[in-house]
Amino acid sequence: MTSTGISRRRILGAGAGLAAGVMGAAPANAAGHRARPGSDPAVAITGTTVIDPAGGGRVHDVTVLVRGGLIAAIGAAREVRVPASAEVVDGRGKFVVPGFIDSHIHSSGQEQIDLPLFLANGITTVRDMNGQAVLYQWRDRIAAGTLFGPRYTVASSIIDGIPALLAGTGAPLVTVADAQQARAAVRAAVAGGADFIKVYVRLTPDAYYAIADESRRLGVTFAGHTPDAIPLTAASAAGQRSFEHVYTNWFDTSGAESEIRGRLAKIEVGAGEFNSWSNQTHPLEVLAARTFDPARARKVFRRLVADDSHQVPTLTQSLVFDRPDLIAVHDDRLRFLPAATRDIWQAQLEQVYLAGRTAKDVAEHRELFPARVRWVGAAHRAGVPILAGTDTGTPYVYPGFSLHDELENLVAAGLSPLRALQAATIVPARFLGLRGAGTVRRDAIADLTVLDADPLADIRNTRRVHAVVVRGELISAERREQMLSDVVTAASGALPARLVGCACTPGLQAA
């Protein structure tokens with residue numbers, strides 16, 4: 001038993017998949033959604049200030065008119081005719097920005113929890129790194145208008161080498177031993193509905209480069225962790241579109257890279273031994289942080305910029321990983337989650353993150369987090385495009401809410417509030433190929449967030465969500481409050497038997 005009273009086998013079950021009835025647990029119209037496409041009336045946000053991250057400035061005292069899922073007009077009140085039937089938001093003293101994009105999440109599979117929490121926090125698009133069939137169904141139902149939620153882009157199952165770090169944890173996983181198996185895995189993922197391919201830590205070079213080639217041949221992108229055997233610059237040159245977390249990425253920017261690579265190659269782990277891998281790579285991370293070489297870093301970052309490779313720091317997850325002592329055990333956001341989820345998080349924290357840490361390790365982790373923040377800042381200053389992603393689904397990283405934490409972390413890393421806002425709007429919209437998204441302009445996609453305060457004055461103001469427009473449909477302030485109340489009610493009920501496993505940080509091993 002864990003200290004939370006959960007058996008290891010039960011935790012494994014919590015990561016193993018989805019109970020047959022979970023996806024249908026909530027009716028499509030649970031949040032008052034008008035499911036029939038094209039049935040939404042016009043929406044007008046009057047007398048407001050528009051912040052378009054694509055342009056960077058503020059436009060004051062304008063009306064934004066939404067019709068048919070698009071922004072139909074933006075202009076002074078005398079220039080924009082508001083239909084009598086329109087839903088009107090009084091935008092005086094408020095700020096309209098594009099709907100936010102979280103570029104790294106792991107949905108739990110509980111549509112009554114995840115989907116409304118994303119929307120209520122102004123998140124209108126997510127990139128889900130959990131390649132589960134149910135999430136492909138969510139994506140398609142949302143696109144069809146029969147399920148109310150943010151737009152979804154969904155990864156493949158993880159493709160990893162043998163032995164795989166997540167074997168037996170319930171995460172969606174395909175293991176490959178050679179190039180032939182790697183190519184077959186890519187073809188199967190594309191045929192199965194994946195929007196992109198996710199690579200992981202223990203891939204061999206032959207398998208990794210086969211994935212890169214097969215992805216290119218099929219016209220699909222690949223992204224994920226940087227494998228131990230592949231330097232960051234080599235992965236970038238091979239076409240990997242994004243690199244998640246900091247982890248092994250900063251080995252390339254170390255003056256001791258040769259030593260680090262030699263020691264990394266000697267690491268031995270068994271199947272499912274993520275904690276062992278984490279503990280063995282920890283001293284290498286400390287060495288990389290302490291030997292950061294600005295000259296080497298400039299060369300590395302130039303390579304990433306030239307390849308249009310993106311960095312997804314997930315500093316919010318790193319803060320939990322490095323500084324678990326800062327977790328607020330009575331965080332108000334916990335009320336939006338089922339008790340079983342909270343128990344699973346605590347068990348994962350103890351058994352996956354903290355098991356085996358010495359007092360010296362704890363002290364070094366305190367050193368590592370600010371070093372990660374500085375590394376992200378250096379990458380940004382060099383022009384590496386940054387995507388705001390949270391790693392939602394890992395312990396104490398909250399659906400919806402944690403994106404605002406991530407934006408604050410990015411500003412701490414040296415991004416201006418505008419650049420942080422861009423990392424959650426226009427930059428990921430372009431990265432995902434969402435034409436017309438991430439901007440507030442005429443004929444743009446009508447995914448909008450209305451804030452009660454100016455995020456350019458203080459990035460923490462992104463938390464002050466007043467209303468949201470998603471695909472042209474208004475979530476008014478009143479409706480938003482009702483959605484949050486409904487989540488609390490759902491969370492207080494019985495948790496479905498199983499949850500979708502997290503595809504970045506695993507569940508626990510079976511006893």
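It should be emphasised that the depicted structure is a prediction, and the values quoted were computed from it without experimental measurement.

Structural notes on the pairing of strand E6 (residues 100-105)
Of all 6 residues that make up E6, 6 are buried, and the element is covered over most of its length. A crossover links E6 with its parallel partner strand E7 (residues 123-128), the connecting element being helix H2 (residues 114-120), and its sense is right-handed.

Notes on the packing of aromatic side chains
In this structure the tally under the stated criterion is 11 aromatic pairs. Their ring planes at 85 degrees and their centres at 6.4 Å tell us that Tyr247 and Trp277 sit as a pair that is edge-to-face. Here Tyr247 is found in the loop between strand E12 (242-244) and helix H7 (257-265), whereas its partner Trp277 is found in helix H8 (residues 274-290), with 30 residues between them in sequence. Note on accessibility: Tyr247 and Trp277 belong to one class, buried. Measuring from centroid to centroid gives 5.1 Å for Phe321 and Tyr353, while their planes differ by 90 degrees, and the two rings are edge-to-face. Of this pair, Phe321 sits in helix H10 (residues 315-322) while Tyr353 is found in helix H11 (residues 339-354), placing the two residues 32 residues apart along the sequence. For the pair formed by Phe321 and Tyr353, the shared burial category is buried. Three or more aromatic residues joined by ring pairs form one cluster here, namely Tyr247, Phe274, Trp277, Phe321 and Tyr353. Above the ring of Phe321, the side-chain terminus of Arg357 is found at 4.8 Å from the ring centroid.

Regarding the environment of Ala288
In this fold, Ala288 is placed in helix H8. Its relative accessible area of 1% is what places Ala288 among the buried residues. Sequence spacing of Ala288 and Trp250 is 38 residues, and the spatial spacing of their C-alpha atoms is 6.4 Å. Not counting chain neighbours up to four residues away, the residues in contact with Ala288 comprise Trp250, Phe251, Ser254 and Ile260.

Digging into the nonpolar core
Ranked by size, the top nonpolar core spans 115 residues in total, and within it Tyr152, Trp250, Phe301 and Leu410 carry the most contacts. Ranked by the residues each element gives to this core, the list is headed by helix H12 (residues 359-381), at 8 residues. Among all residues touching Leu410, those that are not within four sequence positions of it are Pro313, Leu315, Val376, Ile386, Ala388, Leu415, Ala420 and Ala423. Residues Val64, Ile71, Val89 and Leu474 belong to the second largest nonpolar core, which totals 17 residues.

Regarding the confidence of the model for the chain
Considering every residue of the chain, the mean pLDDT works out to 90; 89% of them sit at 70 or more. Here residues 1-32 scores under 50 on pLDDT; set against residues more than four positions off or in separate chains, the count is 75 contacts. Low confidence marks residues 497-501, where pLDDT is under 50. Its contacts with residues over four positions away, or in another chain, come to 30 contacts.

Regarding unusual backbone geometry
A negative phi holds for most residues other than glycine; trans holds for most peptide bonds. Cis peptide bonds are those with omega within 30 degrees of zero, and the linkage from Ile162 to Pro163 qualifies with 0 degrees. Locating Pro163 in the fold gives a position in the loop between strand E8 (151-160) and strand E9 (173-175). The residue Tyr247 is not glycine, and still its phi comes out positive at about 30 degrees. By relative accessible area, which is 8% here, Tyr247 ends up buried.

As for the pattern of salt bridges
Evaluated as defined, the whole model comprises 35 salt bridges. Across the pair Asp213 and Arg183 runs a salt bridge whose closest N-O atoms are separated by 2.9 Å. Of the two residues, Asp213 is situated in helix H5 (residues 205-218) and Arg183 in helix H4 (residues 179-191); the sequence distance between them amounts to 30 residues. Overall, the relative accessible area of 25% leaves Arg183 in the partly exposed class.

Here's the deal with the pairing of strand E14 (residues 448-451)
Neither face of E14 is exposed, since Leu448 and Val450 on one face and Thr449 and Leu451 on the opposite face are all buried. Here strand E5 (residues 95-98) runs beside E14; their pairing, made up of 4 bridges, is antiparallel. Note that in E14 the partner of Val97 across the bridge is Thr449.

Quick notes on helix H3 (residues 133-144)
A rise of 1.5 Å per residue sets the reference length of H3, with its 12 residues, at 16 Å; its end C-alpha atoms lie 17 Å apart and thus fit the reference within 8%. Regarding H3, the residues found buried are Val134, Leu135, Tyr136, Trp138, Arg139, Arg141 and Ile142. Close packing links the buried residues of H3 with H2, E7 and E8. Looking one or two residues beyond H3, the residue adopting positive phi is Gly145, at roughly 85 degrees.

Observations concerning H8
The terminal C-alpha atoms of H8 lie 24 Å apart, and with 17 residues this matches the ideal 24 Å at 1.5 Å per residue to within 8%. Of all the bends in H8, the largest measures some 35 degrees and sits at His282, one to four residues before the proline Pro283. The buried fraction of H8 is high, at 12 of 17 residues. Residues of H8 that are buried: Phe274, Asn275, Trp277, Ser278, Thr281, His282, Leu284, Glu285, Val286, Leu287, Ala288 and Ala289. Buried residues along H8 sit in contact with H7, H10, H11 and H12.

Quick look at the side chain of Arg323
When you line up the elements, Arg323 lands in the loop between H10 and H11. Side chain to side chain, Arg323 and Asp325 meet in a polar contact 2.7 Å long. If sequence neighbours within four positions are ignored, Arg323 has contacts with Ser318 and Arg366.

Conventions used here
Residues numbered from 1 in each chain as written. Predicted model: local features only at pLDDT ≥ 70, side-chain atom pairs only at ≥ 80, totals over all residues. Heavy atoms only, no water. Buried < 20%, exposed > 50% of the residue type's maximum accessible area, 1.4 Å probe, protein only. Helix = DSSP H or I, 4+ residues; strand = E, 2+ residues; numbered from the N terminus. Right-handed = clockwise from strand over helix to strand, strands pointing away. Phe/Tyr/Trp six-rings, centres within 6.5 Å; stacked < 30°, edge-to-face > 60°. Lys NZ or Arg CZ within 6 Å of the ring centre and 35° of its normal. Contact = heavy atoms within 4.5 Å. Core = buried A, V, L, I, M, F, W, Y, C linked by side-chain atoms within 4.5 Å. pLDDT = per-residue confidence, 0-100. Salt bridge = Lys/Arg side-chain N within 4 Å of Asp/Glu carboxyl O. Pairing = 2+ DSSP bridges. Expected span 1.5 Å × (residues − 1). Bend = angle between axes of the 7 residues up to and from the residue. Polar contact = N/O pair within 3.5 Å; in protein donor to acceptor, adjacent residues only side chain to side chain.

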